[in-house]
Amino acid sequence: PMPRHYPAGMPVVTTTQAAELAANYFGLVGTATPLPGEIDDNFRLESDGKAYVVRISPADTGAAILAARQFVMTRLAASTMAYAFPAPPVGHEDIVSLPDGRLLTIVTWVDGVPYAEADRPEDLSQDIGLLAGTVVRGLEGFDHPALHYRDQWDLADAHKTIRELSPNILLRGDRAIVEDVADHLTVRAPLLEKLPKQVIHGDINDLNVLVADGEIAGLIDFGDTRHSWRIGELATAATYAMLGKDDPIAAAEDVVTGYVEVTHATRDEAEAIYDLIRARLAVSVCVAASRRHLGNDHHMVSEDDAWDLLERLDYVDAIAAAARLVAAAGYDAPEPTSSIRNRRDQAMGRALSLSYSTSPSGPLHIVRGDGAYLYDTMGRRYLDCVNNVAHVGHAHPDVVAAATDQMLLLNTNTRYLHDNVVTYAERLLEELPHHLDVVYFTNSGSEANELALR
């Protein structure tokens, strides 16, 4: 069927016409057979014992981005012998503007079976990481202005995409899962925005990775090539390697291990991998729901598997899972609770008590706060009704930004004149009854109660 992205009345390209276009504009005479495609009309062309992909793209795709994708394919094809990548045939790099405005390109065919159709073999998880690392390493230092664009598949915009498309998910429980992912990405935004960026393939999924003779053979479909978070390449590749696995986190560990054999991941990138895996899954199911809502019948093969994995990860100890991926990237795992307890007993006075020290799991080893919750080393979540500091929620991005700005400027006490502390006191008084007309700043509720008694 004709892709719905084409304007109404746009003619459908037949196999005969595709073969004629290849012959007329590229001098490649042969037989064309149709290939799947969401946006483009795609055909396999057999010509003189060789195979090619003929692609007719909508006019609004733009010649610049098609040229940029061809540069990427050519660069990767020339940079490594480990994998096969499509590339414009030598002497046929042209991008042809057809009379109806659509754009014609041709690239070489890559042999192999999609990873999904090969039943996603577990022993290839590390090889998928090697592939992702090879692509990132091969594109290091390359850039093109046409690849600086944002759309719903860009992980840097995942939280926006999820919030925009999640209303199309009909089941309230399913919608809550993806909205929780969006909330978490929003809280993590200040850290994620600092991740290194470069040009990446952007879609190393189970249909684009090709397998032959039990090995990764190559990578196809550069339609999502973009300038984005470098670690997004790894996260996307790991996401599809995890589908259908008994231990999906172990599969992701293997992908990370393969990736860092080829290229480097910073500590911040390593700590973002698990979040971006969940982000890719949430975006995928949101896009699928949106297309169904619009009546688009383009089927996303991995949608059911994506939902299955997303729901399973909702029950996973997120902190522990993320720590496993950080360790797979070569960074030290968190120090064991027992070790920290021994160090505390040696260095800190015994009068400083530990809460819940007699619980079955021992004292709480808290490693992170997020919103109204605290998380321990195993990813267990606790509703925080105790801490007297984070009244507006842990890691609130506005508070983090304000505190950072202030600490960069001044961090002192009330013994000196400073307008901020006076303004703060005045704003507090505006919220209090009139007979409470002065403010004393203290460090805790205990101090405040003692001062009030005096």
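In what follows, the accompanying structure is described. These figures come from a predicted structure and were not determined experimentally.

Comments concerning the overall build of the protein
Helix and strand counts for the protein stand at 14 helices and 13 strands. Projecting the C-alpha coordinates of the protein onto the three principal axes gives extents of approximately 95 × 50 × 45 Å. Classification of the 454 residues of the protein by burial places 43% in the buried group. Carbon and sulfur atoms make up 53% of the accessible area of the protein, which totals about 24,500 Å². Where the 37 positive side-chain charges of the protein centre and where its 66 negative ones centre are 5 Å apart.

Let's talk about helix α1 (residues 15-26)
Look at α1: 16 Å from first C-alpha to last across twelve residues, which is about the 16 Å you get at 1.5 Å a residue. The set of residues buried in α1 consists of Ala18, Ala19, Leu21, Ala22 and Phe26. Seen along its axis, α1 keeps its buried residues to an arc of 155 degrees; they face one direction. Looking at the buried residues of α1, the elements they touch are β1 (31-35), β2 (41-47), β3 (50-57), β4 (96-97) and β5 (103-108). Following α1 by one or two positions, Gly27 has its phi on the positive side, about 70 degrees.

Here we look at the packing of aromatic side chains
Two aromatic rings are characterised by how far apart their centres lie and by the angle between their planes. Across all of its chains, the model carries one aromatic pair by this definition. Seen from their ring centres, Tyr424 and Phe441 are 5.3 Å apart, and the 10 degrees between their planes marks the pair as stacked. You can see Tyr424 sitting in helix α13 (residues 419-430) and its partner Phe441 sitting in the loop between α13 and α14 (445-453), a full 17 residues away along the chain. The class of Phe441 is partly exposed, set by a relative accessible area of 37%. Over the ring of Trp109 we find Arg44, and its NZ or CZ is 4.3 Å from the ring centre.

Observations concerning the side chain of Thr236
The residue Thr236 is located in helix α6 (residues 231-242) in this model. Sequence-distant contacts of Thr236, that is, excluding residues within four places in its chain, are made with Leu155, Gly202, Asp203, Ile204 and Arg280.

A closer look at the sheet that holds strand β12 (residues 373-376)
Across the sheet, three strands lie side by side as β11-β12-β13; this open sheet has antiparallel pairing. What marks the edges here is a single partner per strand, and that holds for β11 (366-370) and β13 (381-383). Direction aside, the axes of adjacent strands within the sheet are offset by 30 degrees on average.

Points about the pairing of strand β8 (residues 209-212)
Bridging between strand β6 (residues 113-114) and β8 involves two bridges; their strand directions are antiparallel. Among the inter-strand pairings, Val113 is bridged to a residue of β8, identified as Val211. Sheet analysis places β8 next to strand β9 (residues 215-219), joined by four bridges and oriented antiparallel. Its bridge partner lying in β9, Val209 is registered against Leu219. Hairpin geometry of β8 and β9 is characterised by an intervening segment of two residues between the two adjacent antiparallel strands and by a positive phi of about 55 degrees at Asp213.

A look at the sheet that holds β8
Across the sheet, which stays open at both edges, the three strands sit in the order β6-β8-β9 with antiparallel pairing between neighbours. The open sheet is flanked by β6 and β9, the only strands paired with a single partner. Against the sheet, helix α3 (residues 125-138) touches β8 and β9, its axis set at about 30 degrees to β9.

Here we look at the environment of Asp154
One can find Asp154 in the loop between α3 and α4 (158-165). Under the relative-accessibility criterion, Asp154 is labelled buried at 1%. Sequence separation between Asp154 and His227 is 73 residues; the distance between their C-alpha atoms is 9.1 Å. The contact partners of Asp154, leaving out residues within four places of it in the chain, are Tyr149, Arg226 and Ser228. Polar side-chain contacts of Asp154 include one of 3.3 Å to the side chain of Arg150.

Structural notes on a negative patch on the surface
A surface patch of like charges, here negative, comprises Glu122, Asp123, Asp246 and Asp254. Assignment of secondary structure puts Asp246 in the loop between α6 and α7 (248-262). The exposure class of Asp246 is exposed, given its relative accessible area of 70%.

Brief notes about unusual backbone geometry
Phi is positive for Asp119, close to 65 degrees, though the residue is something other than glycine. In this structure, Asp119 sits in the loop between β6 and α3. Despite not being glycine, Arg120 has its phi angle at roughly 45 degrees, a positive value. Considering the arrangement of structural elements, one finds Arg120 in the loop between β6 and α3.

Focus: the packing of helix α8 (residues 267-293) against helix α10 (residues 318-328)
Orientation of α8 relative to α10, taken along the N-to-C sense of each, is 130 degrees, at an axis distance of 8 Å. On the basis of their axis angle, the class for α8 and α10 is oblique. In the packing of α8 onto α10, the handedness of the crossing is right-handed. Two secondary-structure elements touch here, α8 through Arg267, Ala270, Glu271, Ile273, Tyr274 and Ile277 and α10 through Ala318, Ala321, Ala322, Leu325 and Val326. For the contact of α8 with α10, the per-class residue count stands at nine nonpolar, no polar and two charged.

What counts and how
- Residues numbered from 1 in each chain as written.
- Predicted model: local features only at pLDDT ≥ 70, side-chain atom pairs only at ≥ 80, totals over all residues.
- Heavy atoms only, no water.
- Helix = DSSP H or I, 4+ residues; strand = E, 2+ residues; numbered from the N terminus.
- Buried < 20%, exposed > 50% of the residue type's maximum accessible area, 1.4 Å probe, protein only.
- Areas by Shrake-Rupley, 256 points an atom, 1.4 Å probe, with all protein chains shown as cover.
- Lys, Arg positive; Asp, Glu negative; His and termini not counted.
- Charge placed at Lys NZ, Arg CZ, Asp CG, Glu CD.
- Expected span 1.5 Å × (residues − 1).
- Arc of directions from axis to C-beta.
- Contact = heavy atoms within 4.5 Å.
- Phe/Tyr/Trp six-rings, centres within 6.5 Å; stacked < 30°, edge-to-face > 60°.
- Lys NZ or Arg CZ within 6 Å of the ring centre and 35° of its normal.
- Pairing = 2+ DSSP bridges.
- Axes fitted to C-alpha atoms, helices over the stretch in contact; angles between N-to-C directions.
- Polar contact = N/O pair within 3.5 Å; in protein donor to acceptor, adjacent residues only side chain to side chain.
- Patch = residues over 30% accessible without salt bridge, like charges linked within 9 Å, V, L, I, M, F, W, Y side chains within 5 Å.
- Salt bridge = Lys/Arg side-chain N within 4 Å of Asp/Glu carboxyl O.
- Parallel < 35°, antiparallel > 145°, perpendicular 65-115°, else oblique.
- Left-handed = near helix turned anticlockwise from the far one by under 90°.
- Nonpolar A, V, L, I, M, F, W, Y, C, P; charged D, E, K, R; others polar.

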